[in-house]
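# Coordinate inspection notes
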Amino acid sequence: MTEDHVARIQAQWRIERPDVDTSPQGVIGRLHRIANSLTGELTLLYEKFGLTEGEFDVLAALRRAGSPYEHAPGELALHTMVTTGAISKRVDRLEEAGLVRRRRSDADGRGRVVRLTPAGRRLFDRAFSAHMANEQRLLEVLTPDERAQLERLLTAWLGRLES
């Protein structure tokens, strides 16, 4: 295995703190560096469509909802794992851009619903296709077997962390 940044850090800790097991850094440190790298690659693509990562996430939640492509702000918060306050700011920006619109809820006149506009759907569909191609490109460094193995491991780990 090639020595990488994390291996060099672990080697330094073995000298400075031989009493501490730094093996978790081998996994966590590499995942952190990979996540930072991937986030940079993903956000560059979103920017090409005039979107932030959070705005892409809101549009994705609306598009996945199916016709009529709408959710209440609280539902959006659940589907994007952010607070309703953060959703409100994202929706404000998307509404200004004409990608979503707010309306009163049919079920509750006091509540609001956020709906993807036709322009928002067209932009998102183009962005999503490019996003999937970008993710494919990022995974091409792994063999199909490595990808499958990594997905199984990450699925198991995430399931245990989230339970």
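So, here is what we can say about the structure in this document. Residues take numbers from 1 onward in each chain, read along the sequence in its written order. Note on the predicted model: pLDDT of at least 70 is required for a residue's local features to be given, and 80 or more for side-chain atom pairs to be given and counted; whole-chain, interface and lining totals, by contrast, use all residues. Only hydrogens and water are removed before side-chain values are computed, so all heavy atoms of the structure are retained for them.

### Here we look at the packing of aromatic side chains
Formally: Each pair of aromatic rings taken from Phe, Tyr and Trp, with Trp reduced to its six-membered ring, is defined by centres within 6.5 Å and is described as stacked if the planes are under 30 degrees apart, edge-to-face if over 60, and tilted in the remaining cases. Numbering of helices and strands starts at the N terminus; helices are DSSP runs of H or I of at least 4 residues and strands are runs of E of at least 2. Note on exposure labels: buried denotes an accessible area under 20% of the residue type's maximum, exposed denotes more than 50%, and partly exposed covers the range between, all computed with a 1.4 Å probe on protein chains only.
Under the criterion given, the structure shown has three aromatic pairs. Note on Tyr-46 and Phe-56: the rings are 4.4 Å apart at their centroids and 25° apart in plane angle, and the pair reads as stacked. Here Tyr-46, found in helix H2 (residues 23-48), pairs with Phe-56, found in helix H3 (residues 53-64); they are 10 residues apart in sequence, far enough to count as distant. Owing to a relative accessible area of 5%, Tyr-46 belongs among the buried residues under this scheme. Considering the side-chain rings of Phe-124 and Phe-128, the 5.7 Å spacing of their centres and the 20° angle between planes classify their relative orientation as stacked.

### Observations concerning a nonpolar patch on the surface
What counts here: Patches draw on residues past 30% relative accessible area with no salt bridge. Two like charges within 9 Å are joined, as are two nonpolar side chains (Val, Leu, Ile, Met, Phe, Trp, Tyr) within 5 Å. In these tables, accessible area is a Shrake-Rupley quantity obtained with a 1.4 Å probe, and a residue counts as shielded only by the protein chains included in the view. Note on definitions: salt bridges are taken to be side-chain nitrogens of Lys or Arg within 4 Å of carboxyl oxygens of Asp or Glu.
The grouping of Val-27, Ile-28, Leu-31, Leu-150, Leu-154, Trp-157 and Leu-161 at the surface amounts to a nonpolar patch, some 590 Å² of accessible area in total. Of all the secondary structure elements, the ones that give two or more residues to the nonpolar patch are H2 and helix H7 (144-162). Take the nonpolar patch: its biggest share by element is four residues, from H7. Summarising the element assignment, Ile-28 is placed in helix H2. On the basis of relative accessible area, Ile-28 is assigned to the partly exposed category, the value being 47%.

### A short note on the pattern of salt bridges
According to the stated counting rule, one finds 10 salt bridges in the structure shown. Taking the shortest distance from any N to any O, the salt bridge between Glu-41 and Arg-137 comes out at 2.7 Å. With Glu-41 in helix H2 and Arg-137 in helix H6 (residues 118-139), the pair connects residues that are 96 residues apart, well separated along the chain. Residue class for Glu-41 comes out partly exposed when judged on its relative accessible area of 29%. One salt bridge in this structure joins Arg-103 and Glu-70, with 2.7 Å as the shortest N-O distance. In this pair, Arg-103 sits in strand S2 (residues 100-104) while Glu-70 sits in strand S1 (residues 70-71), placing the two residues 33 residues apart along the sequence. Linked through salt bridges whose partners overlap, the residues forming this network are Arg-63, Arg-121 and Asp-125.

### Quick look at the nonpolar core
Our working rule: Side-chain atoms within 4.5 Å are what join buried Ala, Val, Leu, Ile, Met, Phe, Trp, Tyr and Cys residues into a set we call a nonpolar core. The contact criterion used is simple: two residues touch if any of their non-hydrogen atoms lie within 4.5 Å.
Leu-51, Leu-59, Leu-76 and Val-100 are the most contacted members of the largest nonpolar core, which totals 25 residues. Those elements that provide at least two residues to this core are H2, H3, helix H4 (73-80), helix H5 (84-96), strand S3 (112-116) and H6. Among the elements that take part in this core, H3 stands out by supplying six residues, more than any other. Filtering out sequence-adjacent residues up to four positions away, Leu-51 remains in contact with Tyr-46, Phe-56, Leu-59, Leu-94, Leu-99 and Leu-123.

### Section: the packing of H3 against H5
Keep this limit in mind: Lines fitted to C-alpha atoms define the axes, with helix axes restricted to the stretch in contact, and inter-axis angles between N-to-C directions lie between 0 and 180 degrees. An angle counts as roughly parallel when it lies under 35 degrees, as roughly antiparallel when it exceeds 145, as roughly perpendicular when it falls between 65 and 115, and as oblique in every other case.
Between H3 and H5, the least distance of the axes is 10 Å, while the angle of their chain directions is 85°. Taken together, the axes of H3 and H5 are roughly perpendicular relative to one another. Along the contact surface, H3 presents Gly-54, Glu-55, Val-58 and Leu-59, while H5 presents Ile-87, Arg-90, Val-91, Arg-93 and Leu-94.

### With respect to H6
Residue pairs spaced three or four apart in an α-helix point in one direction, given the helix's 3.6 residues per turn. What counts here: The length a helix should cover is 1.5 Å for every residue beyond the first.
Here H6 spans 31 Å end to end across 22 residues, near enough to the 32 Å set by a 1.5 Å rise per residue. Of the surrounding elements, those touching the buried residues of H6 are H2, H3 and S3.

Just geometry here; none of it tells us what the structure is for.
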